[in-house]
Amino acid sequence: MEPVVLFKGKGNVGVAERQQYSKGIHVIFTPKAVINGPSMDLYCTKWLEKVHDGHPKLFIADSANSHLKPEIIQKLRKKNVVVSIIPKGCTEYLQLLDTSVFSVFKNHYQAAADEYIDLYSSRSKIKLAAKQQRILCTRLISTAWVRTQNSIDFERAFFDIGYTWIDESPVSIRTLQGFLFDPSTVTSSITDVDDREEQEECREKKKMVEENKKHSHLSSMKNNSKLKQLSLDQFIKN
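Conventions we followed
- Residues numbered from 1 in each chain as written.
- Predicted model: local features only at pLDDT ≥ 70, side-chain atom pairs only at ≥ 80, totals over all residues.
- Heavy atoms only, no water.
- Helix = DSSP H or I, 4+ residues; strand = E, 2+ residues; numbered from the N terminus.
- Contact = heavy atoms within 4.5 Å.
- Areas by Shrake-Rupley, 256 points an atom, 1.4 Å probe, with all protein chains shown as cover.
- Buried < 20%, exposed > 50% of the residue type's maximum accessible area, 1.4 Å probe, protein only.
- Pairing = 2+ DSSP bridges.
- Axes fitted to C-alpha atoms, helices over the stretch in contact; angles between N-to-C directions.
- Parallel < 35°, antiparallel > 145°, perpendicular 65-115°, else oblique.
- Nonpolar A, V, L, I, M, F, W, Y, C, P; charged D, E, K, R; others polar.
- Core = buried A, V, L, I, M, F, W, Y, C linked by side-chain atoms within 4.5 Å.
- Salt bridge = Lys/Arg side-chain N within 4 Å of Asp/Glu carboxyl O.

Trainee: Just checking my understanding: could you explain the overall build of the protein for this structure?
Mentor: Each helix and strand counted, the protein has 8 helices and 6 strands in total. Taking as baseline every contact in the protein between residues at least 6 positions apart, the subset at least 24 positions apart corresponds to 57%. Surface accessibility of the protein: about 16,600 Å² in total, with carbon and sulfur atoms responsible for 55%.

Trainee: What exactly am I supposed to notice about the environment of W47 here?
Mentor: By the element assignment, W47 lies in helix α2 (residues 37-51). Between the C-alpha atoms of W47 and F59, which are 12 residues apart in sequence, the distance is 9.7 Å. If we skip the residues at most four places from it in the chain, W47 touches M1, K57, L58, F59, L76 and V81.

Trainee: Help me understand the pairing of strand β2 (residues 26-30) in this model?
Mentor: Sheet faces and side chains relate simply in a regular strand, where the side chains alternate between the two faces. Within β2, 4 of the 5 residues are buried, leaving the element largely enclosed by the surrounding structure. Direction of pairing for strand β1 (residues 4-8) relative to β2: parallel, over a ladder of 5 bridges. Following the sheet pairing, V5 is matched in β2 by V27.

Trainee: Quick question: what am I supposed to make of the environment of H52 here?
Mentor: Inspection of the secondary structure assignment puts H52 in the loop between α2 and β3 (57-62). Classification of H52 by relative accessible area gives exposed; the value is 56%. Sequence separation between H52 and K79 is 27 residues, and the spatial gap between their C-alpha atoms is 8.0 Å.

Trainee: Could you clarify how one ought to interpret the packing of α2 against helix α3 (residues 70-77) in this entry?
Mentor: Contact pair α2 / α3: the axes reach a minimum separation of 10 Å and the direction vectors enclose 5°. Overall, the two elements α2 and α3 adopt an arrangement that is roughly parallel. For the pair α2 and α3, the contacting residues are G37, M40, D41, C44, T45, W47 and L48 in the first and I72, K75 and L76 in the second. Class assignment of the residues belonging to the contact of α2 with α3 gives a composition of 6 nonpolar, 2 polar and 2 charged.

Trainee: I'm lost on unusual backbone geometry in this one. Help?
Mentor: Generally, phi is negative for residues other than glycine and the peptide bonds are trans, each holding for most cases. Non-glycine residue A33 carries a positive phi angle of around 60°. Of note, A33 is situated in the loop between β2 and α2.

Trainee: Honestly, the nonpolar core in this entry has me stumped. Any pointers?
Mentor: What tends to happen in soluble globular proteins is that the nonpolar side chains get buried as a cluster. In this structure, V5, F7, Y21, V27, F29 and I141 are the most contacted members of the largest nonpolar core, which totals 15 residues. Not counting residues up to four positions away in its chain, the partners in contact with V27 are V5, F7, R18, Y21 and T138. Counting 10 residues, the second largest nonpolar core, distinct from the first, contains L48, V51, I72 and L76.

Trainee: Help me out: how do you make sense of the pattern of salt bridges in this one?
Mentor: Two side chains of opposite charge can pair, provided their charged atoms sit close to one another. For the coordinates displayed, the defined rule picks out 6 salt bridges. As a salt-bridge pair, K50 and E2 come within 3.1 Å of each other at their nearest N and O atoms. Placement of the pair is K50 in helix α2 and E2 in the segment before β1, with a sequence separation of 48 residues. You can call K50 partly exposed: its relative accessible area is 47%. Ionic pairing is found between K57 and D53, a salt bridge with its closest N-O pair at 2.7 Å. Look at D53 and you get partly exposed, because its relative accessible area is 48%.

Spelled out as structure tokens, the structure:
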């Protein structure tokens, strides 16, 4: 998955600017430059396009409100994605980005920025318009991300934090001393959950159809009863 950068604004920027963003950097504009429901939905859509291959996936996020939208979680689960929400206060121990990525990425980003400054005069002399700042930001992110990928063994990082394992041996998480997880206790899969949910949805739909038929039949009976009463009243009147 390529990096995603959030810029503050409504996204009313020209095509010419967007074409100058570094390739592979997904830009999303939000009112406060922080992730919200719509931007989270955009991200998940983009992510699903990248990873959709028919195999189950694990999606890990912290407990920010935008990550907890029921419609987004449901959308992921229907695509055979296990959604794992990290409880508040635990991101520094259980969020891979916090334990292994952010500090490395920030160092590489700062180094790339310093190289740009050295190349194009001193910091005090660099004056960029908002458009130029956004373009430069995407390019520095791209450089930093390439270097980050070369600096981190992501497969090992997931293993160290306990999200993946290679056999049924108990897993000890590097960031949580004393915690032990036994993989052999896992007995269900996302597919089972999805199957149950689909069956439940089918039952609910069937129930609704039956209820509608019942109401329709009762309504029809009431209407017929009214017609008969009207006919009887008319006959008596005549």
